[in-house]
Amino acid sequence: EMSRAVVRAAFATVTRKAVYTFEYDRLTDLQATQRLRAKLSKAAATRAVVVCSPISVKAFVLKLVESLHQLSQSYAEKPKGVAGAIDAAGSALTKFGKGLLHRFGVPGSDAYVDRIKALRRETEACVAVYRVLQGSALLVDEVDLVLHPLKSELNWPLGDKHALDFAPTRWELPWWMLHALLLLQEEAKPESQRASWLASGRSSAGLSGRNSAPASKSVSSTSAEAERECLLRLKSACEQGIAGNYMQRVPHLALLSEEWYHATLKPLMGSWLLIWLRRTGLHDISDDAAIRCLAGGGVEGSMANSATLSDKQAKMLNLGHDWLTYLLPHVLRKISRVHFGLLSVPEMIAMQRDGALPRSRRYMAVPFVGKDTPTASSEFAHPDVAIGISILAYRYEGLRKPDFGALIQNLRHMLEAEIGPELKRPTSLLWMEWIEAAGRRVRGTKTLQRREAAKSGAAAEELSGTESPSRQRASGYEPETPRSAAVGIIRDPMPPPPP
């Protein structure tokens, strides 16, 4: 608005020129594109001025690429007669054709032909607009910000959607890394404002993943000690970063200097990540080699004997390297509710009414164009960036009420699909962990805990060869209990020998 007002004031007196506005987004239809084509053709003929935002230009280019992509897919399906239509319909259920069938209908049908004709007209209009823009002169304000590949992410993914490779490690790994910084942020708050999961002492409960390898008690205690030591070093580094203006604490912990991150914070985050990798099955590599792999160029760039690692281990190290080197500093520079955030319930209702609420924008964090101002239709196209940003959004903003209802329904379906006693099923145990982390207790678990304690006590007695007092009373034998033991005082049967 300000740029348009300035340009109109400049070209309204001596040199008179018309000023047009270029607006485009993901939901622009064929009629709007044709009107834009006519407006830009008139502007080119009269040598007028066109004012636009980088978001509109990028959305137009992505729309052009998407139209060309869909049109090329439609040309790949050319049915000939009834048999050709049947074969094309069958091939439409393959990897690339499933989305084509959803968008255009069965190849050979009237709806399919009409949709292809409309898509061709839309592509021709976009190409005409693109040629007009190519023959014009462009003045860009703040070009370093507009052309930066990581700072200008107002786009959306193209093509069919497929399941992410390497699930669930793909999102469990960044969850573990971001949890350390969020834990330090919660500890820095006053005790009355801290989250309940921190006050309950379950700061890292459930973060090893449900598919992690079991560990012995000695390994678990060693890992816990390493975890505490690493958190103390991270806390000291973050305090130094805040004091040196390399990080900021308000409105939340955010990175200000990537040079300081790579020099100070990255080695500590590598040690923190290695703890999680050991818990999830990374055993065929030493600590020094794993750290070199995470800090260097991944498995291929840092290890000469990479063939000894399994495919899963190599993927874990490569994913950890990408997060440590590129993704984590990029995600930590974002400010919640300014650069990203979750859609509020009223915003979702309004977008759903307009038909502009895909599942990805419903459940994932979306880019923001300003304070509390989400984009109309853009998404984070990089899947790992979207995962990291969404983790931070949910941790900062919390679950929305519709999210909680969907979560409870999903847990109920998982519980019904499992077998065994209801209170011992994995989903039930996960629910108990959540409730206990919030400082509450699930009804019926006290009896279950007493039974488990009795079973563990009986197993220990069988190993030691002694009987419990209840079993001794059941067999008719009642041992003589000293008065000192009855009142809870423990004394030695005989005095110690003199020194």
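Structure's up top.
Criteria and thresholds
- Residues numbered from 1 in each chain as written.
- Predicted model: local features only at pLDDT ≥ 70, side-chain atom pairs only at ≥ 80, totals over all residues.
- Heavy atoms only, no water.
- Patch = residues over 30% accessible without salt bridge, like charges linked within 9 Å, V, L, I, M, F, W, Y side chains within 5 Å.
- Areas by Shrake-Rupley, 256 points an atom, 1.4 Å probe, with all protein chains shown as cover.
- Salt bridge = Lys/Arg side-chain N within 4 Å of Asp/Glu carboxyl O.
- Helix = DSSP H or I, 4+ residues; strand = E, 2+ residues; numbered from the N terminus.
- Buried < 20%, exposed > 50% of the residue type's maximum accessible area, 1.4 Å probe, protein only.
- Lys, Arg positive; Asp, Glu negative; His and termini not counted.
- Charge placed at Lys NZ, Arg CZ, Asp CG, Glu CD.
- Core = buried A, V, L, I, M, F, W, Y, C linked by side-chain atoms within 4.5 Å.
- Phe/Tyr/Trp six-rings, centres within 6.5 Å; stacked < 30°, edge-to-face > 60°.
- Right-handed = clockwise from strand over helix to strand, strands pointing away.
- Axes fitted to C-alpha atoms, helices over the stretch in contact; angles between N-to-C directions.
- Contact = heavy atoms within 4.5 Å.
- Nonpolar A, V, L, I, M, F, W, Y, C, P; charged D, E, K, R; others polar.

(A) Representation of a nonpolar patch on the surface within the structure. A cluster of nonpolar side chains, contributed by L138, V140, V143 and L147, occupies part of the molecular surface with about 410 Å² of accessible area. Along the chain, the position of V143 falls in helix 7 (residues 143–146). When its relative accessible area of 41% is taken as the criterion, V143 is described as partly exposed.

(B) Seen up close, a positive patch on the surface. A surface patch of positive charge is lined by R441, R443, K446, R450, R451 and K455. Mapped onto the elements of the fold, K446 is located in helix 20 (residues 445–464).

(C) Expanded view of the nonpolar core. Ranked by size, the top nonpolar core spans 60 residues in total, and within it L234, M269, W272, L277 and L317 carry the most contacts. Taken together, the elements giving at least two residues each to this core come down to helix 8 (169–187), helix 10 (217–243), helix 11 (258–279), helix 12 (287–295), helix 14 (311–332) and helix 17 (383–397). Broken down by element, this core gets its largest block of residues, 11 residues, from helix 11. Judged by nonpolar contacts, the second largest core, of eight residues, contains L36, L40, F60 and L64.

(D) Spatial organisation of the packing of aromatic side chains. Following the criterion strictly, the structure yields four aromatic pairs and no others. Both rings, one in F22 and one in F60, keep their centres 6.1 Å apart while their planes meet at 90°; by these two values the pair is edge-to-face. With a gap of 38 residues between them, F22 in strand 1 (residues 19–22) and F60 in helix 3 (residues 54–75) connect regions that are remote in the sequence. Assigned by exposure class, F22 and F60 land together as buried. On the numbers, 4.3 Å between centres and 10° between planes, the contact of W176 with W272 is stacked.

(E) Molecular detail of the pairing of strand 1. Alternating residues of strand 1 divide into V19 and T21 and Y20 and F22, and every residue in both groups is buried. A crossover links strand 1 with its parallel partner strand 2 (residues 49–52), the connecting element being helix 2 (residues 30–45), and its sense is right-handed.

(F) Structural context of the packing of helix 18 (residues 401–417) against helix 19 (residues 426–437). The N-to-C vectors of helix 18 and helix 19 enclose an angle of 145°; their axes lie 9 Å apart at closest approach. Across from L407, I408, L411, M414 and L415 in helix 18, the residues of helix 19 making contact are T427, S428, L430, W431 and W434. For the contact of helix 18 with helix 19, the per-class residue count stands at eight nonpolar, two polar and no charged.

(G) Molecular detail of the pattern of salt bridges. This structure, assessed with the given rule, holds 13 salt bridges. For R362, the salt bridge identified is with D403, shortest N-O distance 3.0 Å. Here R362 is found in helix 16 (residues 359–363), whereas its partner D403 is found in helix 18, with 41 residues between them in sequence. We classify R362 as buried; its relative accessible area is 14%.

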